[in-house]
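Secondary and tertiary structure notes
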Amino acid sequence: MKNTLKEKLAKGAKPIGTFFELGSPSVVEALGRTGLDFIILDNEHGPFEAESSRDFARAAENVGLTALARVREVSRPAVLKLLDVGVQGLIVPDVHTVEQVQQIVEYAKYFPVGKRGFCPSRKDGWGFDEMAQQSVPDQMAYWNEQTLVIPQCETVGALEHIEEIVAMDGVDGIFIGPFDLSISMGIPGQFTQPDFVAALERVQKACRDAGKFCMIFAGNPAAVAERFQQGYDSVAYSLDATVLTAAFQADVAEIRKRLS
């Protein structure tokens, strides 16, 4: 599949996604009918591994969503298996050093950018899809182009090295985790604190200078709109479980009000 999220980012289409935590292909199918552009299969905080992520990626394909995955750790198996089952990009949490990002690129991108292991898998129909009939160099170039590698800037270490990280060949963009970044800076949840605002501006500038995109998390619709107005290329809106719970809370409260 073509990476439609990458295409939308290139066009400045302001794609919106959400973190996927509920763990059912039916939920993915429902999310595909909401107007969202992508989901992030949360292998870090969610209870998922590659096998279940495969089923979610398949459901996302069926409804036109781009399936990204947040990896559980910086390791070859955590990266390789998710890509082989069909995830189209990786969000990489808990990044502290340039060396960690270099490792991720090595695991996620094929030669000559990285050292990803080559094997037919679900991503290419186990060698039977059209792209798999091309030469090995052409296949590797195709998947390097279609696979997004997106380190998170959520630590002081990542922030201090953000210019070097985002300029790296094989890094496609940056995802800002505002909660953990503020905690790492010693100002938890103080999102209007001048040092925190300056940190976000530094990340955005680094991305612009490197010609890469910048994504961020936002917890409510007003915050999503505000982030786009601030120049972010894409926003991940809340979590599926949070939005579901809030929607039912509001509806049940309305029902109770009408019955009283």
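Figured I'd write up the structure that's included with this text. (Residues numbered from 1 in each chain as written. Predicted model: local features only at pLDDT ≥ 70, side-chain atom pairs only at ≥ 80, totals over all residues. Heavy atoms only, no water.)

Focus on the pattern of salt bridges
Counting across every chain of the model gives 16 salt bridges. Between lysine 115 and glutamate 106 there is a salt bridge whose closest N-O contact spans 4.0 Å. The exposure class of glutamate 106 is partly exposed, given its relative accessible area of 32%. Here lysine 123 ties to aspartate 124 by a salt bridge, and the two come within 3.2 Å at their closest N and O atoms. (Salt bridge = Lys/Arg side-chain N within 4 Å of Asp/Glu carboxyl O. Buried < 20%, exposed > 50% of the residue type's maximum accessible area, 1.4 Å probe, protein only.)

Side note on the packing of helix H4 (residues 76-84) against helix H5 (residues 98-108)
The N-to-C vectors of H4 and H5 enclose an angle of 40 degrees; their axes lie 9 Å apart at closest approach. One element, H4, and the other, H5, form an angle in the oblique class. Relative to H5, H4 is oriented so that their crossing is right-handed. When H4 is examined against H5, the residues Arg76, Val79, Leu80 and Leu83 are found in contact with a partner set consisting of Ile104, Tyr107 and Ala108. Along the lines of polarity and charge, the residues of the contact of H4 with H5 split into six nonpolar, no polar and one charged. (Axes fitted to C-alpha atoms, helices over the stretch in contact; angles between N-to-C directions. Helix = DSSP H or I, 4+ residues; strand = E, 2+ residues; numbered from the N terminus. Parallel < 35°, antiparallel > 145°, perpendicular 65-115°, else oblique. Left-handed = near helix turned anticlockwise from the far one by under 90°. Contact = heavy atoms within 4.5 Å. Nonpolar A, V, L, I, M, F, W, Y, C, P; charged D, E, K, R; others polar.)

Digging into the nonpolar core
By size, the foremost hydrophobic cluster in this structure holds 56 residues, and its most contacted members are Leu90, Ile174, Ile176 and Val203. Residues contacting isoleucine 176, with those up to four places away along its chain left out, are Cys153, Leu181, Leu200, Val203, Cys214, Met215, Ile216, Phe217 and Tyr232. With 14 residues, the next largest nonpolar core counts Phe38, Ile91, Phe213 and Ala236 among its residues. (Core = buried A, V, L, I, M, F, W, Y, C linked by side-chain atoms within 4.5 Å.)

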